[in-house]
Amino acid sequence: MWNIIRTFYERSVFRTSERAGGSLSEGPSLDLSGKRTTFSRRPVFRILLLTCTLLASLQLRAEDGYRLWLRYDRIDDPSLLAQYSSAITAMIFPTPSPTLLVARNELLDDLGSMLNKKLPIRTSLADNCLLAGTPMTSPVIAQLLSSKYPGLSGDGYVLHTQQTEGKHLIIIAARSNIGVLYGVFAFLRLLQTHQSIQDLSLSSSSLIQRRILDHWDNLTRTVERGYAGASIWNWHLLPGYIDQRYIDYARANASIGINGTVVTNVNANSLVLTPLYLQKVRALADVFRPYGIRVYLTAKFSAPVDIGGLKTADPLDPAVQKWWKDKCDEIYSLIPDFGGFLVKANSEGQPGPQTYGRTHTDGANMFADALAPHGGIVMWRAFVYDARPQTGHADADAHKTAAIDSDTHEIAAPDRFKQAYAEFTPFDGKFRSNVLIQVKNGPIDFQPREPFSPLFGSMPKTPLMMEFQLTQEYLGQGTHLVYEAPLFKEVLDADTYANGKGSTVAKIIDAAASGAPLTGMAGVSNIGNERNWTSHPFGQANWYAFGRLAWDHTLSSRQIADEWIRQTFSNQATVVSALEKMMMASREAVVNYMTPLGLHHIMGFSHHYGPGPWLDNASRADWNPVYYHRADAYGIGFDRTATGSNALAQYQPQVRQQWLDSNTCDEKFLLWFHHISWSHKMKDGKTFWEELCNRYQSGVDTVKWMQQQWQSLTGLIDKERFTQVSMLLDIQEKEAEWWRNACLLYFQTFSRMPIPPGVGHADQTLEYYKSLHFPYAPGSGGSL
Ligand code: GCV
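The rules behind the values
Residues numbered from 1 in each chain as written. Predicted model: local features only at pLDDT ≥ 70, side-chain atom pairs only at ≥ 80, totals over all residues. Heavy atoms only, no water. Helix = DSSP H or I, 4+ residues; strand = E, 2+ residues; numbered from the N terminus. Buried < 20%, exposed > 50% of the residue type's maximum accessible area, 1.4 Å probe, protein only. Contact = heavy atoms within 4.5 Å. Areas by Shrake-Rupley, 256 points an atom, 1.4 Å probe, with all protein chains shown as cover. Near = heavy atom within 4 Å. Polar contact = N/O pair within 3.5 Å; in protein donor to acceptor, adjacent residues only side chain to side chain. Pairing = 2+ DSSP bridges. Axes fitted to C-alpha atoms, helices over the stretch in contact; angles between N-to-C directions. Parallel < 35°, antiparallel > 145°, perpendicular 65-115°, else oblique. Left-handed = near helix turned anticlockwise from the far one by under 90°. Nonpolar A, V, L, I, M, F, W, Y, C, P; charged D, E, K, R; others polar. Core = buried A, V, L, I, M, F, W, Y, C linked by side-chain atoms within 4.5 Å. Expected span 1.5 Å × (residues − 1). pLDDT = per-residue confidence, 0-100. Salt bridge = Lys/Arg side-chain N within 4 Å of Asp/Glu carboxyl O.

Draft legend 1. Looking closely at the overall build of the chain. Per the secondary structure count, the chain includes 23 helices and 19 strands. Looking at the chain as a whole, 60% of its 784 residues are labelled buried. Of the contacts made within the chain by residues no fewer than 6 positions apart, 71% connect residues no fewer than 24 positions apart. Only carbon and sulfur atoms are counted for the fraction: they give 53% of the accessible area of the chain, which is about 29,800 Å².

Draft legend 2. Broad picture of the site of the ligand. Neighbouring the ligand are 17 residues; Glu224, Lys344, Arg381, Lys440 and Glu473 lie closest to it. One nitrogen or oxygen atom from the side chain of Lys344 is found 2.6 Å from an oxygen atom belonging to the ligand. Note that an oxygen atom of the ligand is positioned 2.8 Å from one of the side-chain N or O atoms of Glu348. Contact with the protein chains covers 100% of the free accessible surface of the ligand, which is 340 Å².

Draft legend 3. The arrangement of the sheet that holds strand β11 (residues 340-343) in detail. Strands sit in the order β8-β9-β10-β11-β12-β15-β16-β17 around a closed barrel of 8 strands; the barrel is parallel. Taken over all neighbouring pairs, the strand axes of this sheet differ in orientation by 25 degrees on average, direction set aside. Sheet analysis places strand β16 (residues 464-469) next to strand β17 (residues 520-524), joined by 4 bridges and oriented parallel. Directly across from Phe468, in β17, lies its bridge partner Gly523. Where helix α13 (residues 485-492) meets the sheet, its contacts fall on β16 and β17, and the angle it forms with β16 comes to roughly 155 degrees.

Draft legend 4. The arrangement of the environment of Gly528 in detail. Structurally, Gly528 is set in the loop between β17 and α15 (539-551). Owing to a relative accessible area of 1%, Gly528 belongs among the buried residues under this scheme. For the pair Gly528 and Thr222, spaced 306 residues apart in sequence, the C-alpha to C-alpha distance is 9.4 Å. Sequence-distant contacts of Gly528, defined by excluding residues within four places in its chain, comprise Ala228, Ala230, Ile232, Arg245 and Trp533.

Draft legend 5. Layout of the packing of helix α17 (residues 573-594) against helix α21 (residues 688-711). Here α17 crosses α21 at 155 degrees, and the two axes come no closer than 8 Å. If you check the angle between α17 and α21, you find them roughly antiparallel. Judged by the twist between their axes, the crossing of α17 over α21 is left-handed. On α21, the residues touching Ala578, Leu579, Lys581, Met582, Ala585, Ser586, Ala589, Asn592, Tyr593 and Met594 of α17 are Arg695, Tyr696, Ser698, Gly699, Val700, Thr702, Val703, Trp705, Met706, Gln709 and Trp710. For the contact of α17 with α21, the per-class residue count stands at 13 nonpolar, 6 polar and 2 charged.

Draft legend 6. Quick peek at the nonpolar core. One finds Leu111, Phe187, Phe341 and Phe747 to be the most contacted residues of the largest nonpolar core, which totals 223 residues. Apart from residues no more than four positions distant in its own chain, Phe341 is found in contact with Leu273, Leu297, Ala299, Trp324, Cys328, Ile331, Phe367, Leu371, Ile377, Val378 and Met379. Ala90, Cys129, Val140 and Ile171 belong to the second largest nonpolar core, which has 16 residues in total.

Draft legend 7. Helix α11 (residues 360-371), seen in detail. Relative to the 16 Å expected for 12 residues at 1.5 Å per residue, α11 spans 17 Å between its end C-alpha atoms, a close match to the ideal helical length. For α11, a buried count of 10 out of 12 residues is recorded, marking the element as mostly surrounded by other parts of the structure. For α11, every residue scored as buried is listed here: His360, Thr361, Gly363, Ala364, Asn365, Met366, Phe367, Ala368, Ala370 and Leu371.

Draft legend 8. Region of the structure containing the confidence of the model for the chain. Residues with a pLDDT of 70 or more make up 88% of the chain, whose mean pLDDT is 90. With pLDDT under 50 throughout, residues 1-60 is counted as low confidence; its partners more than four residues away or in other chains account for 54 contacts.

Draft legend 9. Region of interest: the pattern of salt bridges. Evaluated as defined, the whole model comprises 36 salt bridges. The closest approach of N and O atoms between Asp73 and Arg71, which form a salt bridge, is 3.7 Å. A salt bridge links Arg251 to Asp248, with the nearest nitrogen and oxygen atoms 3.4 Å apart. Taken together, the residues Arg251 and Asp248, both in helix α7 (residues 244-255) and 3 residues apart, mark about one turn of the helix. Just as Arg251 is buried, Asp248 falls in that class too. The structure contains a network of salt bridges with shared partners spanning Glu63, Arg67, Arg71, Asp73, Asp718 and Arg721.

So this is what it looks like as structure tokens:
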């Protein structure tokens, strides 16, 4: 487009100049590249130039996705614009802190662009004035909070309208500066989503204290399980060069209430703890501070040896303890609000306390003691499955290495499902008060659908923090449109029965059920340096949904989708309705075309891209899909009842009861807990085999339907994102068919049953699907 304009312009100039028979140098102006130049005063030429400039400016405003949900375009409904405009005519917003300053500037800029006017800043009350601040900055706010919102806590905010001294005021109030910034973003959200601002009296406080993005970003700028380009952290140029992205990253996170970022991979590199890198981390922390975002780092357990010159990293060795204490003192001297450490220990090759014959408590508490004087915390991950035997664990079998008999292909292995519970529950109540145990949502590994991890509800004396994965490692990676909020909600709303009915996972982690002093929720980031941050335009919705749910897990997936669509795409009813339907259907679709009815972990080895249910030769049995689906001539599925691994025993009796019997078990979890025959009768009367085939087909059908929905929006979505998503949906459709074909052909070798009518047939042989290799699939570069 730009080139066309330029060529047209240059040709016109050339022709005009020729016709004029001479020079164009008649008056000063700006040329298209912004340089000072001269132009002809001929009207034709002026019109042409204006047209070109207009087209060029339109081009500059093309929707490349960089602005995320913070677009703040002019309100396009004239009557609403008039209403908002007359309700907000000025602003009182004292800024005695950097956070209040960024909050005021955000409000000023965004209202300026949405209302198309510059609001005057006043110091005294006026009619239709917006008043923002804390009790410290305004007596009106002090009075409002003490009289009407006495319970408002921490970083919560209030949006309230009232008459004061005969003047109509819109008030954005909080007890803390960061609360005001959250209130500003909430108010802006009302306008961006075309809500009424006439009679406001709402307050909102976060239900979870630590709302954190975990970046699996390496110092080399590769991103483990990242599908959106390189890491946004330009370590080489830091600390001298502050990319505008860092600021926009902080704005975006603050707008949804995220208040922490772990900037490095859990498969950690000790170098980040050296003085050179700590200066770089400090520069990031300085950028994020006004936005209320603390920086955390991953700590490699062997750092005292790697970079400290010690011979051991044994957590009970006094020299090691001193090394970590000194390291924490050094970090806090640079970053006074440093959040703490996230640690992956004794998992997938990472060193940990068990390397030295010590326990998880020994390891976590060592960090906790070093951080405690500074107010820092430890997030100790429960994602463990290759630990060595240790004293005091509940289930000795859970630690044996899984193995496949090379002749019979029989799996003689304990159940990886059980390991985290076995390793952690014996230490309940033994961690320091500044330790959070970070638990993945399910027992295995971020599959399209997993039952909730049995750790939730099983460690009543230990604060547990949720870990979700936003990056779509197992959900179509960078190319599939999958809205993850329904997955998050399914887990958060699951009932653990730990304290009787209603002890949902959400209540365990927000401490309502457990009373834990520290609460947290982490999302493994899907952000990279692609222009639109997440590569797939709808990946942004997962970042957004994570932040909104970490703030308030009672929000519904639909509600979050609705507000994200309105801010990111459009408020037009047709657009909102079509996109909402697509998003809400997308998670179930990916479950169906990848792993229906409780199948899990059947993807390609290492890169985890595409189907690989036949894989059986990895060095650990529990890295093999065959270990998980266990298909044979009789049937399919992992028996986790008492006749099998008995992992079900890790749940409360009421939960166990739900899944115990293959005839009553919720079918979406069937193969998680049962090895059932191919001809097992399903609830709709079909055989299991028929149902499996139909589910795969239904996943494919939903993607086709999503394509149609998207196409129905032609002309209603900007061209750039419309084209991107159209192409991505085409890839998704092909890949959904690939999953269906490869999986059904493979499972059919066991079931020996025909593909039922209505289910698409594979256009390739099973051998063909098995022969596909993807040596450079993105997102690897880490462990498995
Ligand atoms: C960061 C899975 C992923 C790994 C990831 C690991 C973890 O195994 O495939 O890439 O490592 O989970 O969560 O630690």
